[in-house]
Amino acid sequence: MPIREPITPPSAQPAGKSSAPRPGARSPVAAVLLVLAVLLAPTVLVAAAPAARAEPEPKAPPEFVALSEVDPTILQEIRYITAHNFVGDPVDGYRKPMCLLTRDAAEALRRAQWKLLWRGYSLKVYDCYRPQRAVDHFVAWAQDLGDQRMKEEFYPRVDKTRLFSDGYIAERSGHSRGSTVDLTLVRLPAWPTRPYVPGEPLTPCFAPREDRFPDNSVDMGTGYDCFDTLSHTLDPRITGEQRANRLLLKEALEEVGFVNYEAEWWHYTFRREPFPDTYFDFPVHPRSLTGR
């Protein structure tokens, strides 16, 4: 019977003595080469994609202020942050219901307000500085001829295909320069105006005051943003109290340096505007005011 030599377990083999390689095992040299290959592989295979960074919003120059800081007594009903406007939706760029203006224009409104308060009236602003992105929103809406949701109130006698040619919509607005304001007069004491409910029945903006959407302003003959020739400040069909109200607003604002846009009784631009050729696009928000 043959004698078998004892088998020494691998763990018991003398140091420095190699055993036969197991199937599939790598030599030390191959292992080192594998590690080096991983470490030296192109970084595009292992590097994470860089995180996307949002572009910071533009800021207003220091000449801009919040009207409420200059004169908190002037009433504000910022229409374009609501759905009660000719678009039928909140407008791009309006983040807070506030009036931003150049300081010169705001100070002039404060002077007009002082005189009107003594006569029992207050100014009320509908729109002030308007970002260029809001103007772009208007242009896109005007080109969408299928969207006629607010026609019955704001442009019942104007075909939407004529909004550009008739001058109701344009690719630039003086509002974006920061010294133009849309406003009206309110007899004091001022009562609140109920909010608009999207989808509610609409009434033409030139209908009698008692039939139009309620507004706590005095009767100017049409509602705000009425796309109609009756909105022309001195339209001869506007007579009596309605004409007197328009002229009172016009006189008060012209005395402090504003000029009226003759096609809209509510639209005034400060004559000595500091940015006559610059159209801004920062959002209507307190954070847009630099350093404040």
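In the block above lies the structure referred to throughout.
Not measured: the values here are computed from a predicted model.

The rules behind each value
- Residues numbered from 1 in each chain as written.
- Predicted model: local features only at pLDDT ≥ 70, side-chain atom pairs only at ≥ 80, totals over all residues.
- Heavy atoms only, no water.
- Helix = DSSP H or I, 4+ residues; strand = E, 2+ residues; numbered from the N terminus.
- Buried < 20%, exposed > 50% of the residue type's maximum accessible area, 1.4 Å probe, protein only.
- Contact = heavy atoms within 4.5 Å.
- Disulfide = S-S within 2.5 Å.
- Core = buried A, V, L, I, M, F, W, Y, C linked by side-chain atoms within 4.5 Å.

Focus on the environment of Phe164
Within the element layout of this structure, Phe164 appears in the loop between helix H5 (151–154) and strand S5 (180–187). On the accessibility criterion, Phe164 (33% relative accessible area) is partly exposed. Put simply, Phe164 and Ala142 are 22 residues apart on the chain and 8.0 Å apart in space, counted from C-alpha to C-alpha. Ignoring sequence-local partners within four residues, the contact set of Phe164 consists of Val139, Ala142, Gln143 and Ile169.

Re the state of the cysteines
Inspection of the entire model under this criterion finds two disulfides. A sulfur-sulfur distance of 2.0 Å marks the disulfide that ties Cys99 to Cys128. As the torsion about the S-S bond is roughly -105 degrees, the Cys99-Cys128 disulfide counts as left-handed. On the criterion of sequence distance, the pair formed by Cys99 in the loop between strand S2 (75–76) and strand S3 (100–102) and Cys128 in the loop between strand S4 (121–127) and helix H4 (132–143) is long-range, its members being 29 residues apart. Classification of Cys99 as buried rests on a relative accessible area of 1%. Two residues share a disulfide in this structure: Cys205 and Cys226, whose sulfurs sit 2.0 Å from each other. Of note, the bridge from Cys205 to Cys226 carries an S-S torsion of about 60 degrees and is right-handed in sense.

Examining the nonpolar core
Burial of nonpolar side chains together is a common tendency in soluble globular proteins. In this structure, Leu109 and Phe258 are the most contacted members of the largest nonpolar core, which totals 66 residues. Here this core gets six residues from one element, more than from any other, and that element is helix H3 (residues 103–118). Among residues more than four places away in sequence, those in contact with Phe258 are Ala105, Ala108, Leu109, Ser179, Val181, Leu253, Tyr268, Thr269, Phe270 and Arg271.

Interpretation in functional terms is not warranted from these geometric data alone.
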